[in-house]
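Spelled out from the first residue to the last, the chains are:
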Amino acid sequence: MFKTLRNDIDVVFEQDPAARNKLEVILTYSGLHAIWGHRLAHGLWKKRLFFLARLFSQISRFITGIEIHPGAVIGQRLFIDHGMGVVIGETCEIGDNVTIYQGVTLGGTGKEKGKRHPTIEDNVLIASGAKILGSMTIGKNSRIGAGSVVLKEVPPNSTVVGIPGRVVMQDGVKIRRDLDHINLPDPVADKLKELEEEIKSLKNEIETLKQS
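These notes cover the structure that comes with them. (Residues numbered from 1 in each chain as written. Predicted model: local features only at pLDDT ≥ 70, side-chain atom pairs only at ≥ 80, totals over all residues. Heavy atoms only, no water.)

1. Some remarks on the packing of helix H3 (residues 30–46) against helix H4 (residues 50–64)
To characterise two packed helices, one gives the angle between the axes of the helices and the distance between these axes. In the contact formed by H3 and H4, the axes pass within 8 Å of each other and the chain directions differ by 175°. Between H3 and H4, the crossing angle belongs to the class labelled roughly antiparallel. Where H3 approaches H4, its residues Ser30, His33, Ala34, Gly37, Leu40, Ala41, Leu44 and Trp45 are matched on the opposing element by Phe50, Leu52, Ala53, Arg54, Phe56, Ser57, Ser60 and Thr64. (Axes fitted to C-alpha atoms, helices over the stretch in contact; angles between N-to-C directions. Helix = DSSP H or I, 4+ residues; strand = E, 2+ residues; numbered from the N terminus. Parallel < 35°, antiparallel > 145°, perpendicular 65-115°, else oblique. Contact = heavy atoms within 4.5 Å.)

Below is the structure:
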């Protein structure tokens, strides 16, 4: 346990150049507080003390702004930078040396039962605002771009961007050289366009019925 706590502190110094000393990190880093709160809550969860586990996780959420379900499994050296708005679901599994930025959601789609949340393998970086939804695996050494929405498996050593998330690089090789970072796909706009076409079609049918 002490080795785990020490690792949680050490990774902050490796990842954040603003970290000055251990006392500052221990007292002021909300990401570290959230991880330690989770380690306590998860221990209670494994002992089937579900109410106490949820109580501790809610207290941690109130203090840090980071919500981690006590059932989630978290490995060594997780670094949550800034962290406000991070949500990690009950059946989520996170490996070692993972970095998560603010606004990230590791959640479910509402359609699955049992294993509902993603598995994040070792050495993955998830940038600000990214959403990874559903029971899938994000492979080792992958990078999830800011604001991406990932709904499918991501192979190891990949870079993912966009909505929905697309692999644009794997093993150092670009997958799509025509990627337009400005005009990313917009599923909401596409759906609205589809609805407009359906409304137009219905209006034409109504006019046809009126004339008959």
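So that's the structure; there's more coming.
2. A short note on the side chain of Asn7
As for its placement among the helices and strands, Asn7 is situated in helix H1 (residues 2–15). The buried category is assigned to Asn7, whose relative accessible area is 15%. Excluding residues within four positions of it along the chain, Asn7 makes contact with Gln76 and Arg77. (Buried < 20%, exposed > 50% of the residue type's maximum accessible area, 1.4 Å probe, protein only.)

3. Some words on the pairing of strand S14 (residues 158–161)
Across two bridges, strand S12 (residues 143–144) lies against S14 in parallel orientation. Bridged to Ile144 within S14 is Val160. Examined bridge by bridge, S14 and strand S15 (residues 166–170) share four bridges and lie antiparallel to one another. In the sheet register, Ser158 faces S15, and the bridge partner there is Gln170. (Pairing = 2+ DSSP bridges.)

4. As for the pattern of salt bridges
Applying the stated criterion across every chain yields a total of five salt bridges. For Glu14, the salt bridge identified is with Arg77, shortest N-O distance 2.4 Å. One end of the pair, Glu14, is in helix H1; the other, Arg77, is in the loop between strand S2 (73–74) and strand S3 (79–80), and 63 residues separate them in sequence. On the accessibility criterion, Glu14 (53% relative accessible area) is exposed. The buried category is assigned to Arg77, whose relative accessible area is 19%. Salt-bridge contacts for Arg20 lead to Glu24; the nearest nitrogen and oxygen are separated by 3.4 Å. Classification of Arg20 as exposed rests on a relative accessible area of 66%. Under the relative-accessibility criterion, Glu24 is labelled partly exposed at 22%. (Salt bridge = Lys/Arg side-chain N within 4 Å of Asp/Glu carboxyl O.)

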